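Fold and geometry: a report
The lines below spell out each chain.
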Amino acid sequence: MAERHSLFKVYARWRPLNASDSSASELERGVARHEKNHSISVSSTSSSNRLRTWKSGASFAEVFSECALNSHVFGSVVAPTIPQVMNGGTCNFFAYGHSGSGKTHTIVGYNHEEEEYLGMCLAAARDLFQAVNGIPNSMSDRPECKEDEEKEELGVVVRLYEVRGKCAYDLFNNGVECHVREGADGQTHVRGQTEILQDGKVRVRPIVAVPCWSFSEFRKTVLSGFNSRTTGSSSVHDESSRAHAVLELEVINKALLEARDAVIERESELVPVGKRATDVHIAEHSKALIRQPDGRYIQNPEYKVNQALIDTTEAAKKECEVRLQAAQDAVANCFKTRRHACLGGKFVFVDLAGAEFFDQGTANSALRPKQTAQEQRQGRQINTDLFALKEVIRARAANQARIPFRASPLTMVLRSHFLATNGCSSIMLTLSPSDAQFVATVNTLKYGNLIGEAGGATGKD
Ligand SMILES: Nc1ncnc2c1ncn2[C@@H]1O[C@H](COP(=O)(O)OP(=O)(O)OP(=O)(O)O)[C@@H](O)[C@H]1O
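Residues numbered from 1 in each chain as written. Predicted model: local features only at pLDDT ≥ 70, side-chain atom pairs only at ≥ 80, totals over all residues. Heavy atoms only, no water.

1. So, the overall build of the protein chain
Helix and strand content of the protein chain: 11 helices and 19 strands. Going through the 461 residues of the protein chain one by one, you find that 48% of them count as buried. Put simply, 71% of the contacts in the protein chain that link residues at least 6 apart link residues at least 24 apart. (Helix = DSSP H or I, 4+ residues; strand = E, 2+ residues; numbered from the N terminus. Buried < 20%, exposed > 50% of the residue type's maximum accessible area, 1.4 Å probe, protein only. Contact = heavy atoms within 4.5 Å.)

2. So, the packing of helix H9 (residues 373-397) against helix H11 (residues 438-454)
Remark: H9 packs on H11, axes separated minimally by 8 Å, with the N-to-C direction vectors making an angle of 20°. Relative to H11, the element H9 is oriented roughly parallel. Two packed elements cross with a definite hand, and for H9 against H11 that hand is left-handed. From H9, Leu-386, Leu-389, Lys-390, Ile-393, Arg-394 and Ala-397 reach across to H11, where they touch Tyr-447, Leu-450, Ile-451 and Ala-454. (Axes fitted to C-alpha atoms, helices over the stretch in contact; angles between N-to-C directions. Parallel < 35°, antiparallel > 145°, perpendicular 65-115°, else oblique. Left-handed = near helix turned anticlockwise from the far one by under 90°.)

3. Overview of the side chain of Arg-15
Its location among the elements puts Arg-15 in the loop between strand E1 (8-14) and strand E2 (28-33). Within the local environment of Arg-15, its side chain forms a polar contact with the side chain of Asp-21, the two groups lying 2.9 Å apart. The residues touching Arg-15, leaving out its near neighbours within four places in the chain, are Ser-20, Asp-21, Glu-66, Gly-100, Ser-101, Leu-431, Ser-432 and Pro-433. (Polar contact = N/O pair within 3.5 Å; in protein donor to acceptor, adjacent residues only side chain to side chain.)

4. With respect to helix H4 (residues 120-133)
The first and last C-alpha atoms of H4 sit 20 Å apart over 14 residues, in line with the 20 Å expected at 1.5 Å per residue. With 11 of 14 residues buried, H4 is to be regarded as a mostly interior element. Of all the residues in H4, the buried ones are Met-120, Cys-121, Leu-122, Ala-123, Ala-124, Ala-125, Arg-126, Asp-127, Leu-128, Phe-129 and Val-132. (Expected span 1.5 Å × (residues − 1).)

5. Topic: the nonpolar core
Core analysis: the biggest nonpolar cluster contains 59 residues, and Val-77, Val-78, Phe-218, Leu-247, Leu-249, Phe-347 and Phe-349 have the highest contact counts within it. A per-element tally of this core places H4 first, with nine residues. Two domains each put at least three residues into this core: domain 1 (8-253 + 346-454) and domain 2 (263-331). Setting aside its immediate chain neighbours within four residues, Phe-218 contacts Cys-121, Leu-122, Ala-125, Phe-129, Val-156, Val-158, Cys-212 and Leu-249. Formed by 46 residues, the second largest nonpolar core is a distinct cluster that contains Tyr-161, Val-163, Ala-168 and Met-412. (Core = buried A, V, L, I, M, F, W, Y, C linked by side-chain atoms within 4.5 Å. Domains from an automatic or database assignment.)

6. Some remarks on the packing of aromatic side chains
Evaluated as defined, the whole model comprises 10 aromatic pairs. Measuring from ring centre to ring centre gives 4.1 Å for Tyr-96 and Tyr-447, while their planes differ by 15°; the resulting arrangement is stacked. Placement of Tyr-96 in strand E6 (residues 90-96) and of Tyr-447 in helix H11 is noted, with a sequence separation of 351 residues between them. A relative accessible area of 3% means that Tyr-96 is categorised as buried. By relative accessible area, which is 8% here, Tyr-447 ends up buried. Summarising the aromatic geometry, the rings of Phe-129 and Phe-218 are spaced 6.4 Å apart at their centres and angled 65° between planes, so their arrangement reads as edge-to-face. (Phe/Tyr/Trp six-rings, centres within 6.5 Å; stacked < 30°, edge-to-face > 60°.)

7. Details of the pairing of strand E9 (residues 176-182)
Examined bridge by bridge, strand E8 (residues 167-170) and E9 share three bridges and lie antiparallel to one another. Paired with Tyr-169 across the bridge in E9 is Glu-177. Counting the residues in the hairpin turn of E8 and E9 gives five residues, including Asn-174, whose phi is positive at 55°. Of the strand pairs in this sheet, E9 and strand E10 (residues 188-196) are connected by four bridges, and their pairing is antiparallel. The residue of E10 that forms the bridge with Val-180 is Val-190. (Pairing = 2+ DSSP bridges.)

8. Looking at the UniProt feature "binding site: ATP" (unreviewed entry) in the protein chain
Residues annotated by UniProt as "binding site: ATP" (unreviewed entry) correspond here to Gly-97, His-98, Ser-99, Gly-100, Ser-101, Gly-102, Lys-103 and Thr-104. The topology assignment puts Ser-101 in the loop between E6 and helix H3 (103-107). Discounting chain neighbours no more than four positions away, the residues touching Ser-101 are Arg-15, Thr-430, Leu-431 and Ser-432. Its location among the elements puts Gly-102 in the loop between E6 and H3. (UniProt positions renumbered as here; feature names shortened; annotations may be inferred.)

9. Description of helix H6 (residues 215-226)
Here H6 contains 12 residues, and its C-alpha end-to-end distance of 16 Å stays within 8% of the 16 Å for a straight helix at 1.5 Å per residue. Turning to H6, its buried residues are Phe-215, Phe-218, Arg-219, Thr-221, Val-222, Leu-223, Gly-225 and Phe-226. Of the surrounding secondary structure, the elements contacted by the buried residues of H6 are H4, strand E7 (154-164), strand E12 (210-212) and strand E15 (244-253).

10. Notes on the environment of Cys-212
By the secondary structure assignment, Cys-212 is in strand E12. With a relative accessible area of 0%, Cys-212 lands in the buried category. C-alpha of Cys-212 to C-alpha of Val-157: the two residues are 55 residues apart in sequence and 5.8 Å apart in space. Sequence-distant contacts of Cys-212, defined by excluding residues within four places in its chain, comprise Phe-129, Gly-155, Val-156, Val-158, Glu-217, Phe-218 and Thr-221.

Next comes the structure, spelled out in structure tokens:
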């Protein structure tokens, strides 16, 4: 029987009214507690809003008020999942809401020093380092064991990239464009720059994974990456993010890092050797044919295919393939023989680009900023990605055999995280209390409500 995916929890968080809000009047907000979940009601007091009240179903695991600090939200949403990550699972957290509603505040935070204000990803890394450092160290005093023990030292690698349009952009590698492709193995591969090395090897770098061995190192690394995020002019404020930011934290050790580096090295060896084998094969068989005036090809009686050369180049290719397979097996072996269950455990945080909603024909449409054609295209792609994400969540929750990951580059890159067993996924809806954002807020709530219903987390009572 197919394995059932875990429920997808939906949370909502109101932010306080702030200086960027064009209206000082607030929406009326209500929360009702049901047997398992919560429902939300929201009413506009403004006469310009045609729909005055909207009520959700019982879709929300928890609703945080504007007074809730990041530490409280983290404690309720992320902290309970740390044991799953420490057991090698993958836990995914999304933040969804219109521009300026508080996604970055929730995921990264704007005060990175004080505990109460740390965003989810920083607080998660802090606790992950604490948990990893708390694992008893079985270091032997014998010098010959020392090297092996060092390779077992646990740390956290971090990858940070944006998904924009059809590509990913590596924020730890100067925003270099990376291609999102499905490989022959059915997995999604995100590949960056191709480097031609001096010895003819062709190295295609995956998304850069920066190893960190302490929380302070991690924080410095992540903040420098986030500083290079794309900004543009969105519906609410000029510094709005125009791409989805994906931040992956993975528990690793030095042995695993070395084994993965060896795979990249072996792949780079295989490319030119494999190409030479193909070129020789084609060249030899082309020389063995001659074209007739009528266009047909016949065997060239004067040319004898150099089978020895073909065999030599094929053997060299085979040798590289065997070496690559051995390197891939060594990576798999790191997991098979892992001393600590947390190896490979992951947190994935996705700061989704703001969905853009404009209420045509009402006072709110005055908020529409002047956007370039490119920014309008980006806005449309963002909405397409968000729709694809919703469909994947629905299909996954319904345990459908075919989950439409290919519908967007965003869902393609998240494929392996969604399919990971022994994990969890949740989404935080970030909501503005401003009356002027009523339509956008209701659209966000509708999206979350659909996910709550489809994700199986609805408390029907
Ligand atoms: N829960 C909150 N408590 C206090 N301030 C908040 C909260 N949520 C958001 N803010 C403030 O509101 C402003 C906008 O928030 P933020 O930058 O997180 O929005 P965003 O959804 O990431 O926007 P965009 O998608 O356009 O980047 C920031 O100044 C942030 O500090």
